[in-house]
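Single-letter residue listing:
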Amino acid sequence: MPEPRDHMWDPEVQTLPRAELVELQQERLDRVMERVFEHPVSFFVDKLALGGFGPGDRVRLEDLQNVPFTVKDELRVSEAESPPFGDYRGARLRECVRVGATGGTSGNPTFVLSTKRDIANEQDAAARMFWRQGLRPGMVIANAHPLGVYGGGLTLTTAMESFGCLVLAVGELESDSAVDRAVDLWRRCKPMSYQIFPATYVKVYEAAVRAGLDPVADLNLRPPMESPDGAERTISAGSECFSFLGSACPEGGGAHAAEDYAVIEAVDEEGNPVPDGEMGELVVTTIAKDNFLIRYNLEDYVVINPEACPCGETGRRVRWKGRKKDIVVVRGVRILPGQVAGVVFREEAFRTPTMEYQIVRRGPEMDALEIRVEYDEERLGDRGKAARGLEDAIEGELKVPCRVELVARGALPRPPYKPERVVDLD
Ligand SMILES: [Zn+2]
């Protein structure tokens, strides 16, 4: 184990020269391809055939883009047609030790099967993230992620345990009384850090204030702050592919991807690579998991930052920009929630105690951007003037007409996991 003041969890791997890293990727990719045909994994045998690859063919990294990508809906179809686990699994069922299911926020959940090696991949990548975040073995950590089949809390909890932390895991905080119980536990045990979805963090913070506690002094709970660049500090390929794909070092500039475990690409709508530094859809191939996915398209927008990082890590940095399903088109301009957040965040009355906003989408294209923002009455002053000020700021920045509706604190929904930033209304 590294010394606490070291910069990295695994310096040897995290600073592997690019040429060696690429060589390692190719070796691991070769083994994945062998497995596809040996097993055989019929879902990916078909995908490889479409890319012109058959048994015995070597898929070079630079040729990987010829293999058609796979999206989540195809995994759903595979599971429906070959129940219960589909025909895309690299490992046999008897080799698997854990089953989970994806959240299902955008359709039916799919199953996540893991072997011991799959879990070890995630735990190692998670350890790099914890270390970059300043966590160290021996710390006490709070965790409020769901701990059952649904939600990835079990993966997170066991990753923190294997890293060497004492985890105060309370599971999903579904009711107000569960939130109050968690606040009481954490008040008594004072965790040094919290691993909670932003929306739940807000609930916990608000409950601590309601209970008359000082969140910082009593719980080490800093005010929630969804800073516009916070979303770029971690990158996930989903629990079905690779939860802990990467995280940012103190230099920022995106999240260092664990490229020894995954080949990452940013592609356009047709699956062709976009130039480095341009926005594309994230496509991930896991190369060290038994239950691998080949060219899995997350339908998330990212920018891959090819610049060498001053910290010495050689995994390229990935900036997460938003989900494809959250695109709002206003007069031909495509807008992602993160761009709106960047402007809303500037006004203290909108970002404190938490920043809560929602974009209203009415159909595939709109004449004006419509947003709802919670405001803090004590800090705001003239409400009409503040709304117009925000409209002007957004119009100036995003170059589209904007209508702002200011709503009272607590008026917008607080879903348990990720906040829904875009709501569809007719
Ligand atoms: Zn770095």
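Above this text sits the structure in question.
Thoughts on the nonpolar core
Right, on to step 1. Val204, Leu245, Ala262, Val284, Val340 and Val344 are the most contacted members of the largest nonpolar core, which has 101 residues in total.
Right, on to step 2. Apart from residues no more than four positions distant in its own chain, Val340 is found in contact with Ile335, Tyr357, Ile359, Ile371 and Ile394.

Focus: the sheet that holds strand S11 (residues 296–305)
Right, on to step 1. Pairing in this open sheet of seven strands is antiparallel, and the strands run S6-S7-S8-S12-S11-S10-S9 from one edge to the other. The strands lining the two open edges of the sheet, one partner per strand, are strand S6 (234–235) and strand S9 (262–267).
Right, on to step 2. Bridge analysis of strand S7 (residues 246–247) against strand S8 (residues 255–257) gives two bridges, and the strand direction is antiparallel. What sits directly across from Gly246, in S8, is Ala257.

A short note on the packing of helix H5 (residues 116–132) against helix H6 (residues 153–163)
Right, on to step 1. Following both chains from N to C, one finds H5 and H6 inclined at 70 degrees, their axes separated by 9 Å at the closest point. The orientation of H5 with respect to H6, classified from their angle, is roughly perpendicular. For the pair H5 and H6, contact is made by Glu122, Gln123, Ala126, Ala127 and Phe130 and by Thr155, Thr158, Ala159, Ser162 and Phe163, respectively.

A short note on the packing of helix H10 (residues 337–344) against helix H13 (residues 383–398)
The relative placement of two packed helices is expressed as an angle between their axes plus a distance between the axes.
Right, on to step 1. H13 packs onto H10 with a crossing angle of 130 degrees between their chain directions and a minimal axis gap of 10 Å. In terms of axis orientation, H10 runs oblique to H13. Crossing handedness for the pair H10 and H13: right-handed. Only Leu390, Ala393, Ile394, Glu397 and Leu398 of H13 make contact with H10, whose side of the interface consists of Gln339, Val340, Val343 and Val344.
Right, on to step 2. Within the contact of H10 with H13, the residues separate by chemical class into seven nonpolar, one polar and one charged.

Some remarks on the environment of Arg388
Right, on to step 1. Residue position: Arg388 is located in helix H13.
Right, on to step 2. Taking the C-alpha atoms as reference, Arg388 lies 44 Å from Ala126; in sequence the two are 262 residues apart.

Section: unusual backbone geometry
Right, on to step 1. Following His39, the chain continues into Pro40 via a peptide bond in cis, with omega recorded as -15 degrees.
Right, on to step 2. Structurally, Pro40 can be placed in the loop between helix H2 (18–38) and helix H3 (42–50).
Right, on to step 3. Across the junction of Pro83 and Pro84, the peptide omega takes the value -5 degrees, indicating a cis bond.
Right, on to step 4. Here Pro84 is to be found in the loop between helix H4 (72–81) and strand S1 (96–101).
Right, on to step 5. Within the chain, Arg331 stands out as a residue other than glycine whose phi angle is a positive 45 degrees.
Right, on to step 6. Looking at the secondary structure, you find Arg331 in the loop between strand S13 (328–330) and strand S14 (333–335).
Right, on to step 7. By the C-beta count within 10 Å, which is 12 here, Arg331 ends up exposed.
Right, on to step 8. Backbone geometry places Lys399, a non-glycine residue, at a positive phi of 60 degrees.
Right, on to step 9. In this structure, Lys399 sits in the loop between H13 and strand S17 (402–407).

Digging into the environment of Glu395
Right, on to step 1. In this fold, Glu395 is placed in helix H13.
Right, on to step 2. Sequence spacing of Glu395 and Arg188 is 207 residues, and the spatial spacing of their C-alpha atoms is 47 Å.

Conventions we followed
Residues numbered from 1 in each chain as written. Predicted model: local features only at pLDDT ≥ 70, side-chain atom pairs only at ≥ 80, totals over all residues. Core = buried A, V, L, I, M, F, W, Y, C linked by C-beta atoms within 7 Å. Buried ≥ 20, exposed ≤ 12 C-beta atoms within 10 Å, placed from the backbone. Contact = placed C-beta atoms within 7 Å. Pairing = 2+ DSSP bridges. Helix = DSSP H or I, 4+ residues; strand = E, 2+ residues; numbered from the N terminus. Axes fitted to C-alpha atoms, helices over the stretch in contact; angles between N-to-C directions. Parallel < 35°, antiparallel > 145°, perpendicular 65-115°, else oblique. Left-handed = near helix turned anticlockwise from the far one by under 90°. Nonpolar A, V, L, I, M, F, W, Y, C, P; charged D, E, K, R; others polar.

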